[in-house]
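The residues making up each chain are set out below.
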Amino acid sequence: QVQLVESGGGLVQAGGSLRLSCVLSGRTFSSYTVGWFRQAPGKEGEFVAGIRRTDGTTEYTDSVKGRFTISRDNAKNTVYLQMNSLKPEDTAVYYCAADVAYGLGFRSSEYHYWGQGTQVTVSS
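Residues numbered from 1 in each chain as written. Predicted model: local features only at pLDDT ≥ 70, side-chain atom pairs only at ≥ 80, totals over all residues. Heavy atoms only, no water.

### Looking at the overall build of the protein
Basically, it comes down to this: Helix numbering and strand numbering both begin at the N terminus, where a helix is a DSSP run of H or I of at least 4 residues and a strand a DSSP run of E of at least 2. Computation of the radius of gyration draws on C-alpha atoms, with the globule rule given as 2.2 Å multiplied by the number of residues to the power 0.38. Only protein chains enter the accessibility calculation, which uses a 1.4 Å probe; a residue is then buried when its area is under 20% of its type maximum, exposed when over 50%, and partly exposed in between. Two residues form a contact once any of their heavy atoms are found within 4.5 Å. Surface accessibility in these figures is a Shrake-Rupley result with a 1.4 Å probe; residues are shielded only by whichever protein chains are displayed. For the purpose of charge, His is not counted, nor are the chain termini; Lys and Arg are scored as positive and Asp and Glu as negative. Note that the charge is assigned to NZ on lysines, CZ on arginines, CG on aspartates and CD on glutamates.
Helices and strands together make up the secondary structure of the protein, namely zero helices and 11 strands. Counting helices and strands in the order they occur from the N terminus, the protein gives β-β-β-β-β-β-β-β-β-β-β. The C-alpha radius of gyration of the protein comes to 13 Å, within 12% of the 14 Å expected for a compact globule of 124 residues. Each of the three principal axes of the protein carries a C-alpha extent, and together these read 40 × 25 × 25 Å. Across the 124 residues of the protein, 44% fall into the buried class. Sequence-distant contacts, at least 24 apart, represent 59% of the contacts inside the protein between residues at least 6 apart. For the protein, the accessible surface area stands at approximately 6300 Å², while carbon and sulfur atoms represent 46% of it. Treating the 12 positive side-chain charges of the protein as one cloud and the 11 negative ones as another, the clouds have centres 4 Å apart.

### Brief notes about the pattern of salt bridges
Note the threshold: Think of a salt bridge as a Lys or Arg side-chain nitrogen and an Asp or Glu carboxyl oxygen that are within 4 Å of each other.
If you walk through the whole model with that rule in mind, you get six salt bridges. Its salt-bridge partner being D90, residue R38 comes within 2.9 Å of it at the nearest N-O pair. Taken together, the residues span a long stretch of sequence, with R38 in strand β4 (residues 33-39) and D90 in the loop between β8 (78-83) and β9 (92-99) at a distance of 52 residues. We classify R38 as buried; its relative accessible area is 7%.

### Section: the packing of aromatic side chains
Selection criterion: Note on aromatic contacts: the rings of Phe and Tyr and the six-membered ring of Trp form a pair at centre separations within 6.5 Å, being stacked when their planes are under 30 degrees apart, edge-to-face when over 60 apart, and tilted otherwise. A ring is considered to have a charge above it if a Lys NZ or an Arg CZ atom is located within 6 Å of its centre and within 35 degrees of its normal.
Here the structure, examined in full by the defined rule, presents seven aromatic pairs. Residues Y95 and W114 carry aromatic rings whose centres are separated by 6.4 Å and whose planes lie at 75° to one another, so their mutual orientation is edge-to-face. Taken as a pair, Y95 in strand β9 and W114 in strand β10 (residues 113-114) lie far apart in primary sequence, 19 residues in all. A ring pair is formed by Y111 and W114, whose centres lie 6.4 Å apart and whose planes are at 70°; its orientation type is edge-to-face. Judged by its relative accessible area of 6%, Y111 is buried. Look at W114 and you get partly exposed, because its relative accessible area is 34%. The residue whose ring lies beneath R53 is Y102, and the NZ or CZ to ring-centre distance is 4.2 Å. Above the face of the F29 ring, R72 is positioned so that its terminal group lies 4.6 Å from the ring centre.

### A closer look at the sheet that holds strand β7 (residues 68-73)
Defined as follows: Strand pairing is defined by DSSP finding a minimum of two bridges between the two strands. Angular values range over 0 to 180 degrees, each being the angle between N-to-C directions of two axes fitted as lines to C-alpha atoms, with helices fitted over their stretch in contact.
The strand order across the open sheet formed by four strands is β1-β3-β8-β7, and the pairing between neighbours is antiparallel. In this open sheet, the two strands that pair with only one neighbour each are β1 (3-7) and β7. Going from strand to strand, the sheet's axes swing by 15° on average, the running direction of each strand aside.

Here it is, written out as structure tokens:
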């Protein structure tokens, strides 16, 4: 049974930073591609960033490029999302998701395992 647990959300002023963590338990962490998604009130969920299981390469949605960085520490079974220069429009519940696929999916349907989410609120 794979479990994902996110942490690190909170309230921050615009321009500030947060680091989200996602710990995967139950299986070999290095066997999973991991993505971060977010959902704001009244909006569709969207892909934010992802990191491949194969070579650790990353992808980002355009709105966070240059501000967010995804990384993984296989020894700690953890994926991080470092979020800098936060904007009010980054306010959302952030979810990490994992799948054994070799490719990196951009759609939520491509991920089999999900965490419970962590709230990020950016005030103006």
